[in-house]
Every structure is written in C-alpha cells, then in structure tokens.
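Structure assessment
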Amino acid sequence: MKRVRWIALVLALVMLFTGCSGMSFEQLMGDLAAQRVTPFDQMQYSRPDPGKMEMALEECCALAEKATDKDALMEKVWEAYNLYNTFYTQYNLASIYYFRDMTDASWEKEYNYCAQNAGSYEAMLEEMFYTLADCPLKDELEADPAFGEGFFDGYTGESIWDETFLELMDRETALEEKYYELCTQAQAVEYYSDAYFTQYGAQMGEVFVELVELRQDIAEYVGYEDYPSFAYDFYHYRDYTPREAEGYLQEICTELVPLYRQVESRGGAADAEKICTQAEAFSYAKSSAQAMGGMVQTAFQVMDEAGLYDLTYSQKKYEGSFEVYLTDYFAPYVFVNPSATQLDKLTFVHEFGHFCNDYASGGSYAGVDVAEFFSQGLEYLSLCYGDEAGALEEMKMVDCLRIYVEQAAYALFEYQVYALEDEELTAENVYALYEQIGTQFGFDSWGWDSRDFVMISHFYTDPMYIISYVVSNDAAFQLYQMEQEKTGTGLALYEEQLTTEETYFLSFVQNAALASPFADGRVAQVRKTLEQVLN
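Residues numbered from 1 in each chain as written. Predicted model: local features only at pLDDT ≥ 70, side-chain atom pairs only at ≥ 80, totals over all residues. Heavy atoms only, no water.

Side note on the overall build of the protein
Across its full length, the protein holds 21 helices and three strands. Here the C-alpha radius of gyration of the protein, 23 Å, is about what a compact globule of 535 residues would show, namely 24 Å. Principal-axis analysis of the C-alpha atoms places the extent of the protein at approximately 70 × 60 × 50 Å. Taking the contacts inside the protein whose residues are at least 6 apart along the sequence as the reference set, 76% of them involve residues at least 24 apart. Within the protein, one finds 31 positive and 92 negative side-chain charges whose respective centroids are separated by 4 Å. (Helix = DSSP H or I, 4+ residues; strand = E, 2+ residues; numbered from the N terminus. Rg over C-alpha atoms; globule rule 2.2 N^0.38 Å. Contact = heavy atoms within 4.5 Å. Lys, Arg positive; Asp, Glu negative; His and termini not counted. Charge placed at Lys NZ, Arg CZ, Asp CG, Glu CD.)

Observations concerning helix 13 (residues 343–361)
With 19 residues, helix 13 extends 28 Å from end C-alpha to end C-alpha; this agrees with the ideal 27 Å at 1.5 Å per step. Counting buried positions along helix 13 yields 17 of 19 residues, so the element is predominantly enclosed. One or two positions beyond helix 13, positive phi appears at Gly362, with a value near 70°. (Expected span 1.5 Å × (residues − 1). Buried < 20%, exposed > 50% of the residue type's maximum accessible area, 1.4 Å probe, protein only.)

A closer look at the pairing of strand 2 (residues 321–326)
Strand 2 sits mainly inside the fold: five of its six residues count as buried. Judged from the six bridges that link them, strand 2 and strand 3 (residues 331–336) form a sheet pairing that is antiparallel. Bridge pairing in strand 3 places Glu323 opposite Val334. Where strand 2 folds back on strand 3, the antiparallel hairpin that results is connected by four residues, among which Phe330 adopts a positive phi of roughly 55°. (Pairing = 2+ DSSP bridges.)

Side note on the pairing of strand 3
The buried count for strand 3 comes to six of six residues, which makes it a mostly enclosed element. Covered by surrounding structure in strand 3 are Ala331, Tyr333 and Phe335 together with Pro332, Val334 and Val336, the residues of both alternating faces. With two bridges connecting them, strand 1 (residues 309–310) and strand 3 associate as parallel partners. When the sheet's bridge partners are listed, Tyr309 is paired in strand 3 with Val334.

Concerning the confidence of the model for the protein
Summing up the model confidence of the protein, the mean pLDDT is 91 and the portion of residues at 70 or higher is 93%. Below a pLDDT of 50 lies the segment residues 1–35, which in the model reaches 62 contacts outside its immediate sequence neighbourhood of four places, other chains included. (pLDDT = per-residue confidence, 0-100.)

Observations concerning the environment of Asp310
Note on placement: Asp310 falls in strand 1. For Asp310, a relative accessible area of 6% corresponds to the buried category. Between the C-alpha atom of Asp310 and that of Ile96, which follows or precedes it by 214 residues, the distance is 9.2 Å. Apart from residues lying up to four places away in sequence, Asp310 is in contact with Arg100, Lys317, Tyr333, Val334, Phe335 and Val336. Here Thr312 takes part through its side chain, which lies 2.7 Å from a polar atom of the side chain of Asp310. (Polar contact = N/O pair within 3.5 Å; in protein donor to acceptor, adjacent residues only side chain to side chain.)

Re the sheet that holds strand 1
Reading across the sheet, the three strands line up as 1-3-2 and stay open at both edges, with mixed pairing between neighbours. The sheet is open, and its two edges are formed by strand 1 and strand 2, each paired on a single side.

Description of the packing of helix 3 (residues 50–64) against helix 4 (residues 70–100)
Following both chains from N to C, one finds helix 3 and helix 4 inclined at 160°, their axes separated by 9 Å at the closest point. If you check the angle between helix 3 and helix 4, you find them roughly antiparallel. The two elements helix 3 and helix 4 meet at a crossing, and its hand is left-handed. In contact with Lys52, Met53, Ala56, Glu59, Cys60, Leu63 and Ala64 of helix 3, helix 4 contributes Ala72, Leu73, Lys76, Val77, Glu79, Ala80, Leu83 and Tyr84. In terms of residue class, the contact of helix 3 with helix 4 is made up of 11 nonpolar, no polar and four charged. (Axes fitted to C-alpha atoms, helices over the stretch in contact; angles between N-to-C directions. Parallel < 35°, antiparallel > 145°, perpendicular 65-115°, else oblique. Left-handed = near helix turned anticlockwise from the far one by under 90°. Nonpolar A, V, L, I, M, F, W, Y, C, P; charged D, E, K, R; others polar.)

Looking at the packing of helix 15 (residues 390–418) against helix 18 (residues 467–485)
Packing of helix 15 against helix 18 brings their axes to within 8 Å, and their N-to-C directions diverge by 150°. Accordingly, the angle class assigned to the pair helix 15 and helix 18 is roughly antiparallel. Crossing handedness for the pair helix 15 and helix 18: left-handed. Facing Glu393, Met397, Cys400, Ile403, Tyr404, Gln407, Ala408, Ala411 and Tyr415 of helix 15, the residues of helix 18 in contact are Ile467, Tyr469, Val470, Asn473, Asp474, Phe477 and Tyr480. When its residues are assigned to classes, the contact of helix 15 with helix 18 shows 12 nonpolar, two polar and two charged.

Notes on the pattern of salt bridges
By the definition in use, this model includes 18 salt bridges. Across the salt bridge formed by Lys317 and Asp310, the nearest N and O atoms sit 3.2 Å from each other. A single burial state applies to Lys317 and to Asp310, both of which are buried. A salt bridge links Asp399 to Lys396; the shortest N-O distance between them is 2.7 Å. Linking Asp399 with Lys396, this pair stays in helix 15, spanning three residues, or about one helical turn. (Salt bridge = Lys/Arg side-chain N within 4 Å of Asp/Glu carboxyl O.)

And the structure:
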C-alpha cells in the first residue's frame, strides 16, 4: 500500500506545482486538460535505461545516509522517482503498441524488455524507501506531505526484494510471456475450436500449472501460508480475506445459479448478438458522458480530442480490453478489441470508467476492487443516461448476472487450484477441478467447453484479481438501484467518489454509505432486482 500511496502523492504534488492554487477542482482539471494532456500520436516511446535509475538510486541512498538538508535529499528522491514513473510510462506505451499487433516482433521485443526489467525497478524503489527509513531525516521526511506520518513503518527490517525473490519474479514474467506467445500462435486456428484447445490450449494448461507451482514457492519464500494471502497483500491491498471471499462465492452459487441456468437456457438477452459498429459504440459512450456532464463529460472530451483510445478491431490485436495510465503525460488510455456486438457499447464505457477515475485523480492509487467500481459503475449509469440505453437494459442485467456467477466461478476455481497439494497439482487435476466448478455454477446450460479456462488471461497475468469484478460489481450495481429509486442519486455518488483516496474496498463502501457485498441478505436482494427485469 505504501508504494501506491507514494505514486499518488507524487502526482498530487505535481499538480500543486502548476501554479493553479485558488482554482476550483473543475478549473484545475480543465487547465490540465488544456496544457498537460499530450495527444497520443505525439507521445514518444524510448527504451528505458535501468542504469540511470540505478545511478540516481545510488546518489539518493549515499546522501540519505548522512543527510542534513531535507530539501537536497528530496531533490534526489524526486530524480529517482521520476525515472521510476518514466519506466512505467514507457512500459505502458510498449504494451499498447504490442497489444495492437501481437505479430509485430519489434514491439514484442520492447514489451518483453520492459516486462523483464519491471522487477528491477520495483527492487530499486524498495531499496530507496528502506534507506530513507533509516536516514537521520526520517522524521522530517514523514512531516512532508510527499510521505506523511508513519509512511516508513512498512520499511523496517529487510526488504523482500533480495536476489532470490527477484529471480523468482523474473521466472514468473518469463512464464507469462510464454503464455502470450501461445495466445499469438493460437490465432492461426479458429477461436474456441477443438483445434484451439488441443494444439495450443493444452500447452497453456501446462504453463498455468508451472505458474501456480512457482507462485506457491514465491509465497512460501516471503513467509505466507498460501499464495492467495500473499497476492491479497502484495498486489491487491484488500481488507477481507480469501476465506471470507470463498464463503461469499458459495453464497452466489446458492442464490443466483438457478436464475443463471434459466436465463442461459433461453439464450441470454435477445439482442446480444446484434451487430454494433465502432461508431455506434463510441456514440453511445459519448451520449452517456454528455448527459451525465461534470467530470465524466470533461474526461470524455479529453479522451476524444487527444486520441487516448483504440476502439478498432483487428485479428492481430490482444483479445481483451484494458485501461492504463501514462504518468509522464498525465494521461489515461483506453484499449478495446471489439466483438462487433452490442456489448461493445458497455465494454467501451467500462474502460472509459477507469479513464474517468484516473483522469479525475491524476492517476488513481485506489485498490483494484475500488478501481473496478468506477468502470462497472459507469456501465450501470449509462443505462440511465445513454441514447437508446433502454435497449441495453436487459442485456446489461444478463451481463450483471453473468458477472456474479461466472466471475465467482472463476475466482473459486482459482482459490481451489492454489489449495492443491504438490502431488495433486497436475494439468489433469486442474482441468477436472474447472469442469467440476463450472458445472456447479451452471456453465453446462450453454455451449461451454470445459477446457476454456486457458483463455482467462487473468489466471496467468493477474492472479487473484478476478474476485474484484464480483465485489465491485455489487457496489456498482447499487448505483443502478439508486437511480431506479431517484434519478441523479447514483450519478452524484459516482462523481463524489471519483477522486477517492481510499485503498481498501470495504472501507470504501462504508465511507460511501453503500452496502457490503458480504452483508447478510445482500445477494438475495440482488437476485430480486435481477428477477424483476429478467423474468
């Protein structure tokens, strides 16, 4: 959590240094939009040089050991941290270009170079914080708003980023790259076909088993009882436990799977497969943003005018959607590979929701569960504000039900895979476990292939992330429920929370006066709302 907080404070201070004091928040963001956001086609990629970061780190640490001048030390801290930010800006640019065309060997090389060096940059940042924690000016540093009281409490003892840990993380990156390579090769055969699963899926399954085994070793090395607990702390900053999450997922199975089977057996939403063009998806998001006004409308104008999105279709593109923040340019970026169906409207709005959160915050440092509230929340709000949104309501309610059930099944599968003992961790057992859980959650009510877990990229590249979709969907769905009771209330809450500084999800929903997904009777309440639309 400390590292993420530092990032956000750096960005906040950069905005304060623009000389805009006395301006309203809206004026400040408008000024940043006009002066700071560089059009995407003018952004330049340059391969990062870890040696520069290492040199800046050495100078900073050498000064910290005998520091007597806080301002001089902070100058060196900023120098190192700016290089850290630049690395991730370049890494994200390389990701965008590589995922636009995964057959482009030159961008694959740059993406892999950045991925392979990410661990080194994290290790260097940790080393700087540990050195500052022992510095004579520690108390003065914590009095500075760039850090804050207690910032260095998490940097006592020894850093986990030793040579062995870095080696383990590098091995993990190599396996993730192998998965992406297999995904690219699989484009040579029909998507979701038997050939896909036999020629490439089987290899992906073996890679997944290797990743699970390696990640269990990582968790054990740093003293955690299991990998889910490690990932919750190290990556996701959650204020609930994997065990609490598993109980919630089982409740979803009990309450919502009967409705899911009923809906899927009749084919889902009527117009789900109706053709949707790129222009139609863009127009829907634009009309939603204009009707909502405020920061949402401002963010959309910036995204449009600066070309900070890619909504084109290509067989060469990464089969997914995401949003990243380009720190050096104060700019979020939306990437979508559309399906040419009506769901593209909601997918684009979803990623734009992340854009809004990052743009309004100057780079959000909210935990992943909180961040997903803004993406999914904007989908639900678009049903109340977008042009011809009424035609999407049934589709989104089906999608909502699928998020609860399908993502819950994926999350439960993931937890149970990491619970397998060494001798049980085989590809055969992983496939069998997935089929068992998929059947339990009603996947057999549609044309499901029980080998398709290899297509869920989060299992490979973002372990323990999937539960975020479930719990954040519940909080986001409450915005829709609020709008049904009184127009404008859900939107007002969304706007109010766009700049939240809350990292932990349960704290976030409590502070926002929302119900916890884990509250007694909450899943049953969701079922009743969905039944009103879908029955």
